[in-house]
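Each chain is listed here by its residues.
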Amino acid sequence: MQAAISAPRASKPGLTPRFLAGKPVVRIGILLPFSAVAGEAQSLYEAAELAVFDAKDPYLMLVPGDSGGDAAGSAAAAQILVANGADIILGPVLRDGVAGAARVAGPAHVQVIGFSTDNAVAGNGAYLLSFPLEEEVARIVDYATQKGLQRIAIMAPNNEYGRRVCPTPAARRRRRA
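Keep in mind the model is a prediction, meaning the values are calculated, not measured.

K.L.:
For the pairing of strand 2 (residues 60-66), give the residues involved together with the corresponding values.
P.N.:
Along a regular strand, successive side chains alternate from one face of the sheet to the other. With five of its seven residues buried, strand 2 lies for the most part within the structure. Bridge count between strand 1 (residues 26-32) and strand 2: seven bridges; the pairing is parallel. Bridged to Ile28 within strand 2 is Leu62. Once you follow strand 1 into helix 1 (residues 38-55) and on to strand 2, the crossover reads as right-handed.

K.L.:
Could you give an account of the environment of Pro132, with specific residues and numbers?
P.N.:
Looking at where Pro132 falls in the secondary structure, it is placed in the loop between strand 5 (126-128) and helix 4 (133-146). Given a relative accessible area of 9%, Pro132 falls into the buried group. In this structure the C-alpha to C-alpha distance between Pro132 and Ser116, which are 16 residues apart in sequence, comes to 8.2 Å. In this view, Pro132 contacts Thr117 and Asn119; residues no more than four positions away in its chain are not counted.

K.L.:
Quick rundown of the nonpolar core? Include the residues and the values.
P.N.:
One broad trend across soluble globular proteins is that nonpolar side chains are buried collectively. Ranked by internal contacts, the top residues of the largest apolar core, which has 17 residues, are Leu31, Ala78, Leu81, Ile89 and Ala105. Sorting the residues of this core by element identifies strand 2, helix 2 (71-83) and helix 3 (95-105) as the ones contributing at least two each. If you tally residues by element for this core, the top one is helix 2, at five residues. Excluding its chain neighbours within four sequence positions, the residues that come into contact with Leu31 are Gly65, Ser67, Ser74, Ala77, Ala78, Leu81, Ile89, Leu90, Gly91, Pro92 and Ala101. Counting 10 residues, the second-largest nonpolar core is a separate cluster that includes Ile30, Leu32, Ala48 and Leu62.

K.L.:
Quick rundown of unusual backbone geometry? Include the residues and the values.
P.N.:
Leaving glycine aside, a negative phi is the common case for residues, and trans is the common case for peptide bonds. The amide bond that connects Gly91 to the next residue, Pro92, takes the cis arrangement and shows omega of 0°. Mapped onto the fold, Pro92 is located in the loop between strand 3 (88-90) and helix 3. Positive phi, normally seen in glycine, also occurs at Lys56, with a value near 55°. Tracing the sequence through the fold places Lys56 in the loop between helix 1 and strand 2. In this structure Lys56 comes out as exposed when scored by relative accessible area, which is 69%. At His109, a position not held by glycine, the phi torsion is positive, near 60°.

K.L.:
Let's hear about the layout of surface pockets: which residues, and what values?
P.N.:
There is about 260 Å³ of room inside the second largest pocket. Lining the second largest pocket are 13 residues, and of these Leu94, Arg95, Ser116, Thr117 and Arg164 lie nearest its centre. Those elements giving two or more residues to the lining of the second largest pocket turn out to be helix 3 and helix 5 (160-165). Here the lining of the second largest pocket is built from residues that sort into five nonpolar, three polar and five charged.

What counts and what doesn't
- Residues numbered from 1 in each chain as written.
- Predicted model: local features only at pLDDT ≥ 70, side-chain atom pairs only at ≥ 80, totals over all residues.
- Heavy atoms only, no water.
- Buried < 20%, exposed > 50% of the residue type's maximum accessible area, 1.4 Å probe, protein only.
- Helix = DSSP H or I, 4+ residues; strand = E, 2+ residues; numbered from the N terminus.
- Pairing = 2+ DSSP bridges.
- Right-handed = clockwise from strand over helix to strand, strands pointing away.
- Contact = heavy atoms within 4.5 Å.
- Core = buried A, V, L, I, M, F, W, Y, C linked by side-chain atoms within 4.5 Å.
- 1 Å grid on protein atoms, 1.4 Å probe; cavity = no way out; pocket = protein on both sides within 12 Å on 5 of 7 lines; lining within 4 Å.
- Points joined across faces, edges and corners; volume = space filled by probe spheres on them.
- Nonpolar A, V, L, I, M, F, W, Y, C, P; charged D, E, K, R; others polar.

Quick look at the structure:
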C-alpha cells in the first residue's frame, strides 16, 4: 500500500520554479550533512529523490539544505528552508542537528522528521523516523535470553552512544530477576 501526500489547497509563499507558479506545491525540505560527510549525505538525498519520483506527484518539490552535521548548521539551514516555504523538513541525521532544526522550525509551525535514534529530541513538532537505540539493544538481549544465553559482552565506544547501549542489558536482566 502506498501512502499519498496531498497538496494543500493553496501553496504558501516560497521557493517555486516558474513552471509550478500558482500550483499547490508541497515543499519538502531535507537537511543532510553535505559539508560534513558528503558521500553519505548525497546517498540519502538520492534516496529521497527516488521516493519523491516514486510518489508521481508533480507538485512535490524536494529542497535540500546542508545541516553541517551540528546544531548551529542545522538551525541555519532550517531557517533558510522555512524562509523558502518548506511545508515539512526531513532530517537532520544526528541528535544535535534535530534539536537545532526543531528550535527554528517549531515556531514557524513546520514539522521536523529527524533520523536520530535519541528520543530526547522528539516532541514539540519534532518526530523521529528511526529505531531508538535502547529498544534495539533490548530486543537483542531478549532474543539472546530466549535462546538460553546467560552472558552478554558489549564492546562500545566511551562516548554518549556507548553510555546509551551499555546499561540496557544489565537493566533488562535486573527487571527479569
